[in-house]
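Per-entry structural report
One-letter residues, chain by chain:
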Amino acid sequence: DVKVTQSSRYLVKRTGEKVFLECVQDMDHENMFWYRQDPGLGLRLIYFSYDVKMKEKGDIPEGYSVSREKKERFSLILESASTNQTSMYLCASSSFGGGTANYGYTFGSGTRLTVV
Amino acid sequence: GENVEQHPSTLSVQEGDSAVIKCTYSDSASNYFPWYKQELGKRPQLIIDIRSNVGEKKDQRIAVTLNKTAKHFSLHITETQPEDSAVYFCAASIIQGAQKLVFGQGTRLTINP
């Protein structure tokens, strides 16, 4: 019962390419997030969105952009891939609403991107 | 903004012993503190969480404690088993449009048989 799906598990791209990472959730969650995971640095927030067409910068947005045209889909875009963007990218979603907010994230399986 | 520090970065314990991982946070407005477990090659999974109006929470062999005054919280695993080997992440939540999580750096826990 996969609830957050990332389109690719492994990707290899060349420096300078435009890269799209896709994330789809089927839980009707309002919030979606993109993190990158690097050893010793934990999970660092790139961008997030709390509504369709809304986006907010996280802690490390440089070199990235995002798109959320539909509630279930949140795309991460590397405008011009560089080798320092080689990393594991994790998408997550969460719900916030009602009398008891559920803050827990559901993560996707991750996309390991290598830029050569 | 919020900053979360997690220690130790690696931890090795004998099977059956206890393991403790500690985190500190900087934003006193944070009100939700989850812990995630990530097994090798898998996605992070929520294992336990605690809200700021509670000091301790237990779920079988896992417990989390929170000291709001000192701004630190800890994960305690008792009677460790080989399947507890994983990377553990703590997080603290802040509200910025959405309730977003700021994660610690992670602790690689190894249980030695």
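Placed above this text is the structure.
This is a predicted model, so every value here is computed, not measured. (Residues numbered from 1 in each chain as written. Chains lettered and ligands numbered in written order. Predicted model: local features only at pLDDT ≥ 70, side-chain atom pairs only at ≥ 80, totals over all residues. Heavy atoms only, no water.)

The interface of chain B with chain A comprises 18 residues on the first partner and 26 residues on the second. Of the roughly 1900 Å² buried between chain B and chain A, counting both surfaces, carbon and sulfur atoms make up 55%. Looking only at chain B, the three residues that lose the most surface to chain A are B:Arg43, B:Gln99 and B:Phe103, adding up to 30% of its buried area. In this structure, the connection of chain B to chain A is made through zero salt bridges. Counting across the chain B and chain A interface gives eight residue pairs in polar contact (both at pLDDT 80 or more). Secondary structure elements with two or more residues in the side of chain B that touches chain A: strand E4 (32-38), strand E9 (86-96) and strand E10 (98-103) of chain B. For the side of chain B that touches chain A, the leading source of residues is E10(B), giving five residues. Residues that form the side of chain B that touches chain A fall into these classes: seven nonpolar, eight polar and three charged. (Contact = heavy atoms within 4.5 Å. Buried area = accessible area lost by both parts, 1.4 Å probe. Salt bridge = Lys/Arg side-chain N within 4 Å of Asp/Glu carboxyl O. Polar contact = N/O pair within 3.5 Å; in protein donor to acceptor, adjacent residues only side chain to side chain. Helix = DSSP H or I, 4+ residues; strand = E, 2+ residues; numbered from the N terminus. Nonpolar A, V, L, I, M, F, W, Y, C, P; charged D, E, K, R; others polar.)

Counted as a void, the largest pocket has a volume near 650 Å³. In this structure, the largest pocket is lined by 30 residues; those nearest its centre are A:Gln37, A:Arg112, B:Gln38, B:Val87 and B:Arg108. For the lining of the largest pocket, the secondary-structure elements that each account for two or more residues are strand E4 (31-38) and strand E9 (87-94) of chain A together with E9 and strand E11 (107-112) of chain B. Split by residue class, the lining of the largest pocket holds nine nonpolar, 15 polar and six charged. (1 Å grid on protein atoms, 1.4 Å probe; cavity = no way out; pocket = protein on both sides within 12 Å on 5 of 7 lines; lining within 4 Å. Points joined across faces, edges and corners; volume = space filled by probe spheres on them.)

Spatial relationships are all this shows, so hold off on functional conclusions.
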